[in-house]
Amino acid sequence: MKKILFVCLGNICRSPAAQAIFSQKTREAGYNFTADSAGTGEWHVGRPPDKRMQQAARLRGFDLSQLRARQIDHADFYEFDYILAMDLTNQADILSIAPANRHCDIRLLLDFGSGTEREVPDPYYGSGDGFAHVLDLLDDACEGLLLHLENEDH
Ligand code: 4NP
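A. How the structure looks around the side chain of T40. Mapping T40 onto the fold places it in the loop between β2 (34–39) and α2 (51–58). Classification of T40 as buried rests on a relative accessible area of 17%. Beyond its immediate chain neighbours, meaning those up to four positions away, T40 contacts V7, C8, L9, Q71, I72, N90, D93 and I94.

B. Geometry of the sheet that holds β2. Overall, parallel pairing links the 4 strands, which are arranged β2-β1-β3-β4 in an open sheet. Because the sheet does not close on itself, it has two edges, and the strands there are β2 and β4 (105–108). The sheet shows a mean angle of 25° between the axes of neighbouring strands, direction not considered. Sheet topology note: the strand β1 (residues 3–8)/strand β3 (residues 82–85) ladder contains 4 bridges and is parallel. Within β3, the residue paired with V7 across the bridge is A85. Docked against the sheet, helix α4 (residues 88–97) engages β1, β3 and β4, running at close to 165° with respect to β4.

C. Structural detail: the packing of aromatic side chains. Scanning all chains against the criterion turns up 5 aromatic pairs. Note on Y124 and Y125: the rings are 4.8 Å apart at their centroids and 85° apart in plane angle, and the pair reads as edge-to-face. Over the aromatic face of Y124 sits the side chain of R52, whose NZ or CZ is 5.4 Å from the ring centroid.

The rules we used
Residues numbered from 1 in each chain as written. Predicted model: local features only at pLDDT ≥ 70, side-chain atom pairs only at ≥ 80, totals over all residues. Heavy atoms only, no water. Helix = DSSP H or I, 4+ residues; strand = E, 2+ residues; numbered from the N terminus. Buried < 20%, exposed > 50% of the residue type's maximum accessible area, 1.4 Å probe, protein only. Contact = heavy atoms within 4.5 Å. Pairing = 2+ DSSP bridges. Axes fitted to C-alpha atoms, helices over the stretch in contact; angles between N-to-C directions. Phe/Tyr/Trp six-rings, centres within 6.5 Å; stacked < 30°, edge-to-face > 60°. Lys NZ or Arg CZ within 6 Å of the ring centre and 35° of its normal.

What follows is the structure, encoded as structure tokens:
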């Protein structure tokens, strides 16, 4: 059973939404991959996801209200098979703290997407539309990730 950690900067917008979308797709497909999320920053630790992201996700049937932000931790590099970053800065920040003998693959989430974009843009300081666009990108990449993990397991 593969374990996936989705990581963004604050763990209140992109990565909790990715966690919820991937978890729902996993359940629907009958797999038991596990998912969690974390941020590289510590500002929002203990807080629920951003209201704007919660609302945009609720419109698509995802309830983020029970999730709470946490910061990525040393143990995560041994606990998870994949640590998936939302953008290149995020990936560089993760790599800068990754222990040399880690067991996980540290990739960009959109490596599994079907489009040409490589980064999930940070919606925090943008307009309302940014959240819907982020959810589109996350949904597409989670679909691709699930297919990848299914193939890997066989
Ligand atoms: P996230 O978005 O990384 O997708 O959770 C952000 C949340 C908070 C901040 C930046 C990005 N912040 O600067 O507080």
